[in-house]
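The lines below spell out each chain.
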Amino acid sequence: MDKKAKDIILKTYWTSAGWIAEENRKIDDADFVYLKEKGLIFEPMTITKSEILNRLQEIVENVSLKKITDAFLCSMTNNRLDWRSALGSYTNAKRLLAESNFDDYYYGRGVNIDLNMMNFERIKWGGISHNNGTYNWLDLTLLNAENVTKPTEKDIKIFQLVLNQIEHSEINERIDTLRDRLGSVLKSTIEERHFFTDILGSAEILKPFVYDRKEPEKHLWTFVGNWRGEDKYNKENVKKYFGEYGIK
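What comes next is a walk through the structure. Nothing here was measured: the structure is a model prediction, and the numbers come from that model. Along every chain, residues carry numbers that run from 1 in the direction the sequence is written. Confidence filtering applies because this is a predicted model: local features only for residues at pLDDT of at least 70, side-chain atom pairs given and counted only at 80 or more, and all residues used for totals across whole chains, interfaces and linings. The basis for every side-chain value is the complete set of non-hydrogen atoms in the structure, without hydrogens or water.

### With respect to the packing of aromatic side chains
Any pair of aromatic rings gets described here by the distance separating the centres and the angle formed by the planes.
Okay, so step 1: Only rings of Phe, Tyr and Trp enter the pairing, Trp through its six-membered ring, and a pair is recorded when the two centres are within 6.5 Å. The plane angle decides the type: under 30 degrees is stacked, over 60 is edge-to-face, the rest tilted. Overall, the coordinates contain 13 aromatic pairs when judged by the stated rule.
Okay, so step 2: Relative to Trp 19, the ring of Trp 14 has its centre 5.3 Å away and its plane inclined at 80 degrees; by these criteria the two rings are edge-to-face.
Okay, so step 3: Classification of Trp 19 as partly exposed rests on a relative accessible area of 42%.
Okay, so step 4: Among the aromatic side chains, those forming a connected cluster through ring pairs are Tyr 13, Trp 14, Trp 19, Phe 120, Trp 125 and Phe 195.
Okay, so step 5: We call a charge positioned over a ring when the NZ of a Lys or the CZ of an Arg lies within 6 Å of the ring centre and within 35 degrees of the ring normal. Taking the ring centre of Trp 137 as reference, the NZ or CZ of Arg 55 above it sits at 4.8 Å.
Okay, so step 6: The aromatic ring of Tyr 233 is capped on one face by Lys 235, whose charged end is 4.5 Å from the ring centroid. Each residue is assigned to one of three classes by its accessible area relative to the maximum for its type, calculated with a 1.4 Å probe on protein chains only: buried under 20%, partly exposed between the two thresholds, exposed over 50%.

### Side note on helix 5 (residues 81–98)
Okay, so step 1: Between the first and last C-alpha of helix 5 there are 27 Å, a value that for 18 residues agrees with the 26 Å anticipated at 1.5 Å per step.
Okay, so step 2: Burial analysis of helix 5 places 15 of its 18 residues in the buried class, which makes it a mostly covered element. By definition, any uninterrupted DSSP run of H or I lasting at least four residues is a helix, any uninterrupted run of E lasting at least two residues is a strand, and each is numbered from the N terminus. Expected span of a helix: the number of residues minus one, times 1.5 Å.

### What about the environment of Glu 170?
Okay, so step 1: The residue Glu 170 is located in the loop between helix 8 (153–167) and helix 9 (175–181) in this model.
Okay, so step 2: You can call Glu 170 exposed: its relative accessible area is 58%.
Okay, so step 3: Separated by eleven residues in the primary sequence, Glu 170 and Arg 181 have C-alpha atoms spaced 12 Å apart.
Okay, so step 4: If sequence neighbours within four positions are ignored, Glu 170 has contacts with Gly 229 and Glu 230. Contacts are assigned to residue pairs that have any heavy atoms within 4.5 Å of one another.

### Considerations on the layout of surface pockets
Okay, so step 1: The volume enclosed by the largest pocket comes to roughly 260 Å³.
Okay, so step 2: The pocket and cavity definitions rest on a 1 Å grid over protein atoms only: a 1.4 Å probe that fits but cannot leave marks a cavity, an open set with protein on both sides within 12 Å along at least five of seven lines marks a pocket, and residues lining either have an atom within 4 Å of a point. Every residue lining the largest pocket is counted, 16 residues in all, and those nearest its centre are Asn 92, Arg 95, Phe 102, Thr 222 and Phe 223.
Okay, so step 3: Within the residue set of the lining of the largest pocket, elements represented by two or more residues are helix 5 and helix 10 (190–202).
Okay, so step 4: At three residues, helix 5 tops the list of elements feeding residues into the lining of the largest pocket.
Okay, so step 5: Around the second largest pocket, the lining residues are Met 1, Asp 2, Lys 38, Gly 39, Leu 40, Asp 82, Arg 122, Leu 142, Ala 145 and Glu 146.
Okay, so step 6: Looking at side-chain class alone, the lining of the second largest pocket contains four nonpolar, one polar and five charged residues. Grid points are joined across faces, edges and corners, and a volume is the space filled by probe spheres set on the points. Note that Gly is not counted as nonpolar here; it falls among the polar residues with everything else outside the nonpolar set of Ala, Val, Leu, Ile, Met, Phe, Trp, Tyr, Cys and Pro and the charged set of Asp, Glu, Lys and Arg.

These values are about where atoms sit, not about what they do.
Encoded structure:
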C-alpha cells in the first residue's frame, strides 16, 4: 500500500491516545485528491440487500482463492493487515450467499454507509466487521486490485507455528488466553491478534464444537467467543485453504 495514503487514512481516525472524535476527522483538499487518485477514499454508499448479494456474488466469482490465501500468509511478515482481512471476508461472503436465514443486519444494507471507516479498520487491525456483507464486498474488491506477492518460507513457518500453538491449547482455555499466547509466535499488537483470531473463526479454522458456552465479557469477537482449548483447530479447513503450502 502507498505509504503516504496509508498515513493519511490512519491519522484521520486514530492517534496514540485512541479514536479521533468524529467532528475532528478532517482530510484537507490535497490529501483528499491524493487518496482519490489511489482509489482509497469513497463516497457514502446506499445499498439494498439484493444489491449487496449481487455484488458479493460477482466479487467472489472474480477473486481467486489462491490470491486470498497468498495475501493472508504474506501478512504474517509484511504488516499488510488489509491483505490478512480478505480471508475472513471471503468465507463470510460465501456463507451469506449460501444461506438465507441471516438477519438483514448482517448483509450490511443501509443508507449512507461509511466505507472510509471500514477501510480504516481493515488497514489498522485487519478488519472488525467480517460479519458484514458490505465490508466483505469492499474488502475483497480492494484486495482484487492488489498485486499480491508469493508467501515466503518464513510466512508459512509462522502460520504453522500459530497452528501449533492452537493445537497445544489446554482444555477450557478461552479465546482471550489463546489471543495472548499467540504473541509469542506472531509479531503483532493485542488488537491485531484479537481480530486475527476472528478471521480464523470466520474461516472455521477456529471452530467451536458447541455454542452454548459463556463468552468473555464485553468482547468484540464475532465468530470465536465460544471457542475453547479442547476445540483445537479444524484440520480439514486448514487443508482446504492452505494444503498447497504444506501447512497442516
